[in-house]
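Structural characterization, general
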Amino acid sequence: MAANQTTGRGAVGQNRLRRPRRVLTLLTLPVALGLLAGGCMDTSDDGNRGEGVHRAAATGGAGEGAGSGGASGGGDPAMVDACPEPVEGFAVSVDADGEPIETADSDAGVKRGGDLPDPHTLTGPSTAQIADEDIHPVVDDPRPELPVVVESCDGETVQVADASRILAVDLYGTLAEMVFSIGLGDRVVGRDTSTGFPQAEHLPLVTPSAHDLNAEAILAIDPTVVLTDASIGPPEVQQQLRDAGIPVIFFDDARTIDGVPGQIRAVAGALGVPEAGEALIERTQAEISAAMAMAPDDGAPLRIAFLYMRGGMVQLLAGPGSGADAMICAIGAVDVGTDIGLERSFTQITSEALIEAAPDVIIMMTEGLNSIGGVDGLEKVPGVGQTPAGQNQRVVDMDDTQLLSFGPRTGQTIAALAEAVYVP
């Protein structure tokens, strides 16, 4: 049997209870729009986890570390959980293991005061831009210790014996960003539309039509392992890859700051480089803590609304659990959708809700803002002109692939957003 070929059921993972399905954040939006399937894929009828087992045959030297005991250092492969629990308060009050950390230096970052104006008095639009678009690996050329066995978020158990040709695809390019950041970017053989950082631009697209995976394009690049989640599909394509003998691992599709350390740890572990993952978590934690210190600590906090728009047909206001609420909180502001009592992550915009919310600033994805004709088009949306943000044209846009990706560059994203809001 060829390395990484999948087989039928096995003993590993059978008769184990499936963990409760996660509460989604970003995916509530695309699911509501019918763009893609949300939630971890449920492949069992009786609730048991691991009705099938996908194994890679570690024979004849197939893959790095095959037959050597892998990262576990013994006779059995290391076990990796692709769907770990989030770490509540990560980089704010606790580290990646939930242990208390000291508050970031109050002098770090940009503080309002001195020569900086009251942010409530600022006018005009601005764009949040990460200072450095490049991905900087936390280690150089790590060697994967394989095989490892991964408990995939869809309930399958997947064995990875070869990480020489990696494909990482999801709605926001987060998984690919993690692979490059742990030093395995030279092994990535393709990309999705959202993976747009410079080091990946030369890679062939496997989502030639928006965010839909193309099975033929993926098979043509011959990946030895595929990292994905339920934010991208259709699921029939991911199953087709498994049927072709390719290990396909589903990770948690929720995107939150608290979920960052667990997902980095899961991706690094699945590829056999757990130490690189820990180093990346440490760096990411430091960057997030420093970026959060940029929030003003005096005066009334700004009221900020995140609007998700795609032309005139899709016009939504973000609320609790959207992911945008976490970013707004991270820069020391108030998420107006949550504040006015929205119960869903994204709710259809009404003029009454916008006027009641009275945002000082409106944040949007760049392509979303462009889809309605820029700031001029936004002013035509009912209710916007009656808000402080609309009257002062206080609109901040940010690249679609960065704003809500919640990956290794989350600290840089928070810092860029804070600068665009407070120091435009």
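Residues numbered from 1 in each chain as written. Predicted model: local features only at pLDDT ≥ 70, side-chain atom pairs only at ≥ 80, totals over all residues. Heavy atoms only, no water.

Considering the pairing of strand S16 (residues 395-398)
Neither face of S16 is open: one carries Val395 and Asp397, the other Val396 and Met398, and all of them are buried. Bridge count for strand S5 (residues 126-128) against S16 is three bridges, and the pairing is parallel. Looking at S16, one finds that Ser126 is bridged to Val396. Bridge count for strand S15 (residues 361-365) against S16 is four bridges, and the pairing is parallel. From the neighbouring strand, Met365 faces S16, where its bridge partner is Met398. (Buried < 20%, exposed > 50% of the residue type's maximum accessible area, 1.4 Å probe, protein only. Helix = DSSP H or I, 4+ residues; strand = E, 2+ residues; numbered from the N terminus. Pairing = 2+ DSSP bridges.)

Observations concerning the packing of helix H2 (residues 174-181) against helix H5 (residues 260-270)
Packing of H2 against H5 leaves a shortest axis separation of 10 Å and a crossing angle of 65 degrees. The two elements H2 and H5 meet at a crossing, and its hand is right-handed. Of the residues in H5, those in contact with Thr174, Leu175, Met178 and Val179 of H2 are Val260, Gln263, Ile264 and Val267. Taken together, the residues of the contact of H2 with H5 break down into six nonpolar, two polar and no charged. (Axes fitted to C-alpha atoms, helices over the stretch in contact; angles between N-to-C directions. Left-handed = near helix turned anticlockwise from the far one by under 90°. Contact = heavy atoms within 4.5 Å. Nonpolar A, V, L, I, M, F, W, Y, C, P; charged D, E, K, R; others polar.)

Thoughts on the sheet that holds strand S8 (residues 166-168)
In spatial order, the strands read S8-S9-S10; together these three strands make up an open sheet with parallel pairing. A single partner strand is all that each edge strand has here, and the edge strands are S8 and strand S10 (248-250). Neighbour-to-neighbour, the strand axes of the sheet open up by a mean angle of 15 degrees, direction not taken into account. Here strand S9 (residues 225-228) pairs with S10 via three bridges, running parallel. Each bridged residue has a counterpart across the sheet, and for Leu227 the counterpart in S10 is Ile249. Sitting on the sheet, helix H4 (residues 235-243) touches S9 and S10, and the angle it makes with S10 is about 140 degrees.

Some thoughts on the packing of aromatic side chains
Applying the stated criterion to the full structure yields three aromatic pairs. Judged by centre distance (5.0 Å) and plane angle (75 degrees), the ring pair of Phe180 and Phe197 falls under edge-to-face. Residue Phe180 is located in helix H2, and its partner Phe197 is located in the loop between H2 and helix H3 (215-220); the two are separated by 17 residues in the primary sequence. Grouping residues by exposure puts Phe180 and Phe197 together as buried. (Phe/Tyr/Trp six-rings, centres within 6.5 Å; stacked < 30°, edge-to-face > 60°.)

Here's the deal with helix H6 (residues 274-292)
Over its 19 residues, H6 extends 27 Å from the first C-alpha to the last, a length consistent with the 27 Å expected when each residue adds 1.5 Å. Taken as a whole, H6 has its buried residues at Ala276, Gly277, Leu280, Ile281, Thr284, Gln285, Ile288, Ser289, Ala291 and Met292. Considering only its buried residues, H6 is in contact with H2, H5, helix H7 (324-330) and helix H14 (410-422). (Expected span 1.5 Å × (residues − 1).)

Comments concerning a negative patch on the surface
On the surface, a cluster of negative charge is contributed by Glu133, Asp134, Glu367 and Asp399. Structurally, Asp399 is set in the loop between S16 and helix H13 (400-403). A relative accessible area of 34% places Asp399 in the partly exposed class. (Patch = residues over 30% accessible without salt bridge, like charges linked within 9 Å, V, L, I, M, F, W, Y side chains within 5 Å. Areas by Shrake-Rupley, 256 points an atom, 1.4 Å probe, with all protein chains shown as cover. Salt bridge = Lys/Arg side-chain N within 4 Å of Asp/Glu carboxyl O. Lys, Arg positive; Asp, Glu negative; His and termini not counted. Charge placed at Lys NZ, Arg CZ, Asp CG, Glu CD.)

Some words on the nonpolar core
In terms of nonpolar packing, the biggest core is built from 99 residues, with Leu227, Ile249, Leu271 and Phe306 touching the most fellow members. Among the elements that make up this core, the one with the highest residue count is H14 (eight residues). With near-sequence residues (within four places) excluded, Phe306 lies in contact with Leu316, Leu317, Ala318, Ala324, Ile328, Phe346, Ile363, Met364, Met365, Leu403 and Leu404. Listed in part, the 19 residues of the second largest apolar core include Val336, Leu354, Leu378 and Ala389. (Core = buried A, V, L, I, M, F, W, Y, C linked by side-chain atoms within 4.5 Å.)

Let's talk about the pattern of salt bridges
Counted according to the given criterion, the structure contains eight salt bridges. Taking the shortest distance from any N to any O, the salt bridge between Arg265 and Asp97 comes out at 3.3 Å. Of the two residues, Arg265 sits in helix H5 while Asp97 sits in the loop between strand S4 (78-81) and S5, which places them 168 residues apart along the sequence. Owing to a relative accessible area of 55%, Asp97 belongs among the exposed residues under this scheme. Notably, a salt bridge pairs Asp229 with Arg255, separated by 2.8 Å at the nearest N-O pair.

A look at the packing of H6 against H14
Their axes nearest at 7 Å, the elements H6 and H14 cross at an angle of 15 degrees. The angle between the axes of H6 and H14 places the two elements in the roughly parallel class. Along this stretch, H6 crosses H14, giving a crossing that reads as left-handed. Taken together, the residues of H14 that come into contact with H6 (itself represented by Glu287, Ile288, Ala291 and Met292) are Thr410, Gly411, Gln412, Ile414 and Ala415. Partitioned by chemical class, the residues of the contact of H6 with H14 number five nonpolar, three polar and one charged. (Parallel < 35°, antiparallel > 145°, perpendicular 65-115°, else oblique.)

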